[in-house]
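What follows is each chain in one-letter form.
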Amino acid sequence: MDRHVAVGIDGSSESLAAAHWAAREALRRGTALQVVHAWQLHPRPAAYVPVDMTERSWAKHILAEAADSVRAAHPGLDITDQQVKDSPVHTLLEAAERAELLVLGSRGLSGVTGFLLGSVSQRVVARSPRPVVLVREGESAADEHLPAPDGVSPDEIPEIPYRDVVLGLDTGQPCDELIEFAFETARRCGAALRVIHTFSAPPGYATADRVVSPPGPGLLAEHEHAVVATLRPWCGKFPEVTVTETVVEGRAATELTRAASGAALVVVGRRTRDGRFGVHTGPVTHAVLHHAGCPVAVVPHP
């Protein structure tokens, strides 16, 4: 199919929230939406399958229910659905390969083959060739926008300004794919972009006759200058995006998680090269996925 956003569903409330988030993102991008569900046949019917249904019929019901819900909420959106008898990880990675973006619920139902953080979703995020957005249960269109004044009807919510898009930036190894994704997202939403950069001051060290303390304001100014220099060409490319920089000594995961509480989306990266123990998301991204209170976009990059 042509340009599209893909979303994986598993029958959980988390995946339904992800499907509606993906639909809104497809509308922002001007693309179609593909709803994907993978199922596997077990020697005995799984406990979550109703007694009057087969696993195949239950799988069809899950897909139809999610697709119908999204179609009802977004009647103008081009929506297709796909049922695959295969492992969820393999199915979702293939769906990601064909899509501009893959969207998943960040948690699944206990005991169900779903998007359990640390299970299916963790493996897909770690191996996906395309950006993956993780959406939590209960996420709605209103959560993407600033608080609505009293008396505003649901159909007026899209007119309320978006919350900030938050980008975690490493000036030591800046990544074009990651920065461009954040700027493009902010531009499409008409949102401000908040860039978070953290650093650690080197420890003091002793010489024969004196003790040297860690650098103070000078080190902060150095990192602030690096952030401005890294973002300068992107600000020129996206002049319509309002950018604010936060440079602070501390842990990246802590600062990004804190910023997520008032954001529409947090954007973090994942290096595609294999490490000593295979592909993984990295400690900062792993922590943000577990603790952020808003959707998280994980962008693969070299």
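Residues numbered from 1 in each chain as written. Predicted model: local features only at pLDDT ≥ 70, side-chain atom pairs only at ≥ 80, totals over all residues. Heavy atoms only, no water.

Digging into the overall build of the protein
Along the backbone of the protein there are eight helices and twelve strands. When each of the 302 residues of the protein is scored for burial, the buried share is 47%. The long-range fraction of contacts in the protein, counting pairs at least 24 apart against all pairs at least 6 apart in sequence, stands at 75%. When the accessible area of the protein is evaluated, it comes to approximately 14800 Å², of which 53% is carbon and sulfur surface. (Helix = DSSP H or I, 4+ residues; strand = E, 2+ residues; numbered from the N terminus. Buried < 20%, exposed > 50% of the residue type's maximum accessible area, 1.4 Å probe, protein only. Contact = heavy atoms within 4.5 Å. Areas by Shrake-Rupley, 256 points an atom, 1.4 Å probe, with all protein chains shown as cover.)

As for the side chain of Arg-270
Relative to the helices and strands, Arg-270 is located in strand 11 (residues 263-271). We classify Arg-270 as buried; its relative accessible area is 3%. There is a polar contact of 2.8 Å between the side chain of Arg-270 and the backbone oxygen of Val-125. (Polar contact = N/O pair within 3.5 Å; in protein donor to acceptor, adjacent residues only side chain to side chain.)

What to know about the environment of Leu-16
With respect to the helices, strands and loops of the structure, Leu-16 is situated in helix 1 (residues 13-29). Taking the C-alpha atoms as reference points, Leu-16 and Arg-136, separated by 120 residues in sequence, lie 9.7 Å from one another. In this view, Leu-16 contacts Ala-66 and Ser-69; residues no more than four positions away in its chain are not counted.

Some details on the nonpolar core
Counting 52 residues, the largest nonpolar core has Val-7, Leu-33, Val-103, Phe-183, Leu-193 and Val-267 as the members making the most contacts within it. Residue contacts for Phe-183: discarding those within four places in its chain leaves Leu-193, Leu-231, Trp-234, Cys-235, Phe-238, Val-241 and Val-243. Grouped together as the second largest cluster of nonpolar side chains are 29 residues, Ile-196, Ala-259, Val-268 and Val-298 included. (Core = buried A, V, L, I, M, F, W, Y, C linked by side-chain atoms within 4.5 Å.)

What about the packing of aromatic side chains?
Under the definition given, this model contains two aromatic pairs. Note on Phe-183 and Trp-234: the rings are 6.4 Å apart at their centroids and 25° apart in plane angle, and the pair reads as stacked. With a gap of 51 residues between them, Phe-183 in helix 5 (residues 176-189) and Trp-234 in helix 6 (residues 217-237) connect regions that are remote in the sequence. Classification of Phe-183 by relative accessible area gives buried; the value is 0%. (Phe/Tyr/Trp six-rings, centres within 6.5 Å; stacked < 30°, edge-to-face > 60°.)

Description of the sheet that holds strand 12 (residues 296-301)
The strand order 3-2-1-4-5-12-11-6-7-10 describes an open sheet built from ten strands, whose pairing is mixed. Two strands in the sheet have a free side with no partner beyond their single neighbour: strand 3 (79-85) and strand 10 (243-249). Averaged over all adjacent pairs, the angle separating strand axes in this sheet is 25°, with direction ignored. Judged from the three bridges that link them, strand 1 (residues 4-8) and strand 4 (residues 101-105) form a sheet pairing that is parallel. Bridged to Val-7 within strand 4 is Val-103. (Pairing = 2+ DSSP bridges. Axes fitted to C-alpha atoms, helices over the stretch in contact; angles between N-to-C directions.)

A word on the confidence of the model for the protein
Of all residues in the protein, 86% have pLDDT values of 70 or greater, and the mean over the chain is 86. Note on residues 108-116: pLDDT under 50 across the span, and 28 contacts to partners over four residues away in sequence or across chains. (pLDDT = per-residue confidence, 0-100.)

Structural notes on the packing of helix 3 (residues 88-98) against helix 4 (residues 120-127)
One can describe the packing of helix 3 onto helix 4 by two numbers: an axis separation of 10 Å at closest approach and a directional angle of 35°. Crossing of helix 3 against helix 4: the hand is right-handed. Contacts from Pro-88, Val-89, Leu-92 and Leu-93 in helix 3 reach Val-120, Arg-123, Val-124 and Arg-127 in helix 4. Class assignment for the residues of the contact of helix 3 with helix 4 results in six nonpolar, no polar and two charged. (Left-handed = near helix turned anticlockwise from the far one by under 90°. Nonpolar A, V, L, I, M, F, W, Y, C, P; charged D, E, K, R; others polar.)

Structural notes on helix 1
An ideal rise of 1.5 Å per residue puts 24 Å on 17 residues; helix 1 measures up with 24 Å between its terminal C-alpha atoms. A large share of helix 1 lies buried, amounting to 14 of its 17 residues. Residue Gly-30 follows helix 1 closely and has a positive phi angle near 75°. (Expected span 1.5 Å × (residues − 1).)

What about the packing of helix 1 against helix 2 (residues 55-73)?
At a minimum axis separation of 10 Å, helix 1 and helix 2 run at an interaxial angle of 40°. Our classification of the angle between helix 1 and helix 2 gives oblique. The element helix 1 and its partner helix 2 pack so that their crossing is right-handed. In contact with Leu-16, Ala-19, His-20 and Ala-23 of helix 1, helix 2 contributes Ala-66, Ser-69, Val-70 and Ala-73. Taken together, the residues of the contact of helix 1 with helix 2 break down into six nonpolar, two polar and no charged. (Parallel < 35°, antiparallel > 145°, perpendicular 65-115°, else oblique.)

A look at the pattern of salt bridges
Within the structure shown, the criterion is met by twelve salt bridges. Ionic pairing is found between Arg-28 and Glu-25, a salt bridge with its closest N-O pair at 3.0 Å. Taken together, the residues Arg-28 and Glu-25, both in helix 1 and three residues apart, mark about one turn of the helix. Assigned by exposure class, Arg-28 and Glu-25 land together as buried. A salt bridge links Glu-180 to Lys-237; the shortest N-O distance between them is 3.3 Å. Of this pair, Glu-180 sits in helix 5 while Lys-237 sits in helix 6, and the two are 57 residues apart along the sequence. The class of Glu-180 is partly exposed, set by a relative accessible area of 29%. (Salt bridge = Lys/Arg side-chain N within 4 Å of Asp/Glu carboxyl O.)

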